[in-house]
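Descriptive structure summary
One-letter residues, chain by chain:
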Amino acid sequence: MTQEKKICVIVILAVMVMVGNTSYAQQESDANRTLSPYFLVRSDDPDLDRLPLKSTHADVKISGVIADVKVTQVYKNEGKKPLEAVYVFPASTRAAVYGMKMTVGERTITAKIREREQARREYNQAKQDGKSASLLEQHRPNVFQMNVANILPSDVITVELKYTELLVPTDTVYEFVYPTVVGPRYVDPASHETDPDETWTANPYLHQGEPPMYTFNMTVDIAAGLPIKDITCSSHQTRVDYEGPAFARVHLNPSEKHGGNRDFILKYRLAGGKIETGLLLVEGKNENFFLLMMQPPKKVLKNQIPPREYIFIVDVSGSMNGFPLNISKKLLKDLIGNLRSTDRFNVLLFAGSSHLMSEHSLSATQGNITRAINTIERQRGGGGTRLLPALKRALFLPKTKGYSRSIVIATDGYVSVEAEAFDLIRNNLGKANMFTFGIGSSVNRHLIEGMARVGMGEPFVITNPEQAPETANKFRKLIESPVLTGIEIDFGRFETYHVEPPSVPDVLADRPVIVFGKWRGRPRGTISIKGFTGKHPFSKKVDVSKITPLKTNSALRYLWARHRIALLADYNRLDRQDERVREVTNLGLTYNLLTAYTSFVAVDTRVRLQDGQAVTVKQPLPLPLGVSDYAVGGKRPFAGKSVSSFAAAPLVSAMKNQVLEESLERKKEDRSTSEPEMDASIREKSHVKLGNVTVTDGVSDQSVQKLLKKHLHDFNQCYQNALKKQPRIKGNVVFKITIDRAGRVLNVHLDKDDTNDKIFERCMLKKLKELRFPTLKEGKNSVIVVTFVLK
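So, here's what we can say about the structure. Just so it is clear, the model here is predicted, and its values are computed rather than measured.

This brings us to helix α14 (residues 701–710). Along α14, the residues classified as buried are V704, L707 and L708. The buried residues of α14 occupy an angular sector of 95° when projected down its axis, which confines them to one face. Those residues of α14 that are exposed and aimed more than 90 degrees away from the buried face are Q702, K706, K709 and K710. Tucked into the core, α14 has its buried residues touching β35 (688–695), α15 (712–725), α16 (758–769) and β38 (781–790).

Next up, the structure:
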């Protein structure tokens, strides 16, 4: 039998087995094990409703800069078997989910916030007892999951959740985005980073071009307080009704009832273009909250732009050697080479220690620019990585009066600073704007993005030299027009506390400054905002006594807590601590918010399912508009048929691959030279050699080398196993290993691989993860960059 015929037979048999004998639950279990998305199977079982979600509707009310969103999901069981529906859906990354309720018939149950594990236990117990229940969990800050248990035949169960978010204008344009669908995600269960809660990724999907199986609707009310202009929706067809100059209602066109396969994007502007300030107040039972927003003008005149000063902090440590440092050189050459003649700048190189170009910032003359570029060009990369001392040194350099200072950090992010760097940046926001550039093919994005977030700046990532000019230009456009610098806010007799951020960076032309926090007593006194527009002083006063606390601003408490939770999450990604987990949990419980550690659960008191067990059905999701079937696992195998394959597709693919591999093996055996014998000969002469080892700090290079040499036998075994499949593997393989203070391995990832051999890579990742390194003498974490030479 030919290989082609054999493949066809196996494919047909596999499909027959899967369709004829495999239950829905078994197929779903297979998908859960692979943690991969899969295609919906349409079975011939008339008793089972596999599409329980019938509609989703969002009612949005925007008041000023706050959007309050009510999402209504309607579930109906049109089959004859009781169901548990599981629906994975997205939300804004800024969403603060603060409420949920479930309606069964005429009964409405308000959900309670619980610790995640407790909420799951209460839900499972209710499901087992035959009670209707709903559970809302967070898998990501922008990915949620709704479970609805015991939906009886003909039941209609409505679940309503509420969230709020702050709308921050960019270049005076307000944008409200309502995500509608979570795209396919893959998680490797064998990976050491896999979370046990990642099973949500094993979700059924419709095929490319198929509309959602539920209807979608949206209404948006905009009460801006100022005249509204230029309302546009680029994603969907809408109708806008104006009820006065400052109020508008946006309706979704009926033709968009299946438009839940792409984000809903609404943009609008307000009249006026001056620097405006606004204060919102709300009084609570135990706490009061405020929000102060300063919006820059739409257009910036040349005489409003202050002179600028740049401090470039460049990582030249061992981990930046080669490719990353070459990108940094190209980036810095572009940034420094295009400074204005009125600008000033300085360069601070850091590795184990730091080197400052000048004790005072230099004028951007051609001579100084050439000197700086030559200094950077001479760097080759080596030594440890100590960002914190360099950052401290840069922040406390003498500042030129009247200049807008920006600190630009270029690093791969593998530095042992974590929480200390965040604290330093947060507590010195008034001294400089912070911008981070992640350099390299696999940067530490948590650190890069986290430093930018706490610094109220922007993160940029450059993975190849060709991106440097474009990214540098994007950066210049962002910061070229600082309209208000040296900002100081004095709250006077208005008693505030827990204010975020602790100090205020410059106002740039395309982003406002937002300050919020808590207040005590009664609204009184005056808030004074001072700074410079160009070389001229600027001041603005807000009479707090004239601002009335409004109940409509109740969302401020959620927004403050959500900001605090997001900040703690940034810290936790770098250095997870039980204390911070407890703080996030307490914030969720105190402010009634959905978090990674708190969930909403609603349980009906009535027992509705007396006998039997509900069948769990995962609501199939549409593929996002423009995404092909390849995102899930290939082309539609049976277009136009009543049965589509989901779990069968990976199996067929695997069997097909196995046949092809067998064919290749037979071809190898037919060769005149016996490759197994040749492979054995090659393997005997091949071995792994330990190359360059660089450690950031806390432990000596020699002690790490000594440990790695002890395990060379294990590493060589990985190499020998790889050679059995591919006899000619040679080159350098570089790994980056992050360890904690106790020497435990927190993370291992591949930094460079000349061989591109996955067998060796997987084996080495596992071996390196199992190592225990010497205890650090200083610092919380350290990064080890190790090169293995395969000969």
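Right, let's get into the pairing of strand β24 (residues 404–411). The two faces of the sheet receive side chains in turn, since in a regular strand these alternate between them. Taken across its 8 residues, β24 has 8 buried, putting it largely inside the fold. Side chains S404, S406, V408 and A410 project from β24 onto one buried face, and the interleaved R405, I407, I409 and T411 project onto a second face that is buried too. Across 7 bridges, strand β20 (residues 308–315) lies against β24 in parallel orientation. Residue pairing across strands places I313 opposite I409, the latter belonging to β24. Bridge count for β24 against strand β25 (residues 433–439) is 6 bridges, and the pairing is parallel. Pairing of T411 across the sheet is with G438, part of β25.

Applying the stated rule across the entire model yields 1 disulfide. The disulfide bridge from C718 ends at C763, spanning 2.0 Å between sulfur atoms. Handedness of the C718-C763 disulfide follows from its S-S torsion of about -65°: it is left-handed. Of the two residues, C718 is situated in helix α15 and C763 in helix α16; the sequence distance between them amounts to 45 residues.

Glancing now at the sheet that holds strand β17 (residues 264–270). Strand order in this open sheet of 3 strands is β11-β17-β14, and the pairing throughout is antiparallel. Looking along the sheet, the strands with just one partner apiece sit at the ends: β11 (173–178) and β14 (228–233). Averaged over neighbouring strand pairs, the angle between their axes works out to 15° when direction is ignored.

What follows covers the sheet that holds strand β16 (residues 247–252). Two orientations exist for strands paired in a sheet by backbone hydrogen bonds: parallel and antiparallel. Strand order across the open sheet formed by 8 strands is β6-β5-β10-β3-β2-β13-β16-β15, with mixed pairing between neighbours. At either margin of the open sheet sits one strand with a lone partner, and together these are β6 (107–110) and β15 (238–242). On average, each strand axis in the sheet is inclined to that of its neighbour by 15°, with strand direction left out of account. Examined bridge by bridge, strand β5 (residues 96–104) and strand β10 (residues 156–166) share 8 bridges and lie antiparallel to one another. Bridging across to β10, V97 finds its partner in Y163.

Overall, the coordinates contain 25 salt bridges when judged by the stated rule. E84 is the partner of K127 in a salt bridge, and the nearest nitrogen-oxygen pair spans 3.1 Å. Within this pair, whereas K127 is found in helix α3 (residues 116–128), its partner E84 is found in strand β4 (residues 83–90), the two being separated by 43 residues in sequence. Pair check on accessibility: K127 and E84 agree, each one buried. A salt bridge links E160 to K101, with the shortest nitrogen-to-oxygen separation between them at 3.7 Å. Highlighted residues: E160 in strand β10 and K101 in strand β5, separated in sequence by 59 residues. Linked by salt bridges that have partners in common, D59, K61, D221 and R249 make up one network.

Here the focus is the nonpolar core. By size, the foremost hydrophobic cluster in this structure holds 87 residues, and its most contacted members are L136, F176 and Y178. Per-element tally for this core: the top contributor is helix α10 (residues 555–574), with 8 residues. Those residues in contact with F176, other than ones at most four positions away along the chain, are V60, I62, A67, V69, Y163, E165, L167, F264, I265 and L266.

Closest axis-to-axis distance for the α15/α16 pair is 8 Å, and the angle between their directions is 160°. It follows from the interaxial angle that α15 and α16 lie roughly antiparallel. Note on packing geometry: the crossing formed by α15 with α16 is right-handed. Residues D714, F715, C718, Y719, N721, A722 and K725 of α15 form the contact with α16, whose participating residues are I759, F760, C763, M764, K767 and L768. In terms of residue class, the contact of α15 with α16 is built from 9 nonpolar, 1 polar and 3 charged.

Rules used in this analysis
- Residues numbered from 1 in each chain as written.
- Predicted model: local features only at pLDDT ≥ 70, side-chain atom pairs only at ≥ 80, totals over all residues.
- Heavy atoms only, no water.
- Buried < 20%, exposed > 50% of the residue type's maximum accessible area, 1.4 Å probe, protein only.
- Helix = DSSP H or I, 4+ residues; strand = E, 2+ residues; numbered from the N terminus.
- Arc of directions from axis to C-beta.
- Contact = heavy atoms within 4.5 Å.
- Pairing = 2+ DSSP bridges.
- Disulfide = S-S within 2.5 Å.
- Axes fitted to C-alpha atoms, helices over the stretch in contact; angles between N-to-C directions.
- Salt bridge = Lys/Arg side-chain N within 4 Å of Asp/Glu carboxyl O.
- Core = buried A, V, L, I, M, F, W, Y, C linked by side-chain atoms within 4.5 Å.
- Parallel < 35°, antiparallel > 145°, perpendicular 65-115°, else oblique.
- Left-handed = near helix turned anticlockwise from the far one by under 90°.
- Nonpolar A, V, L, I, M, F, W, Y, C, P; charged D, E, K, R; others polar.

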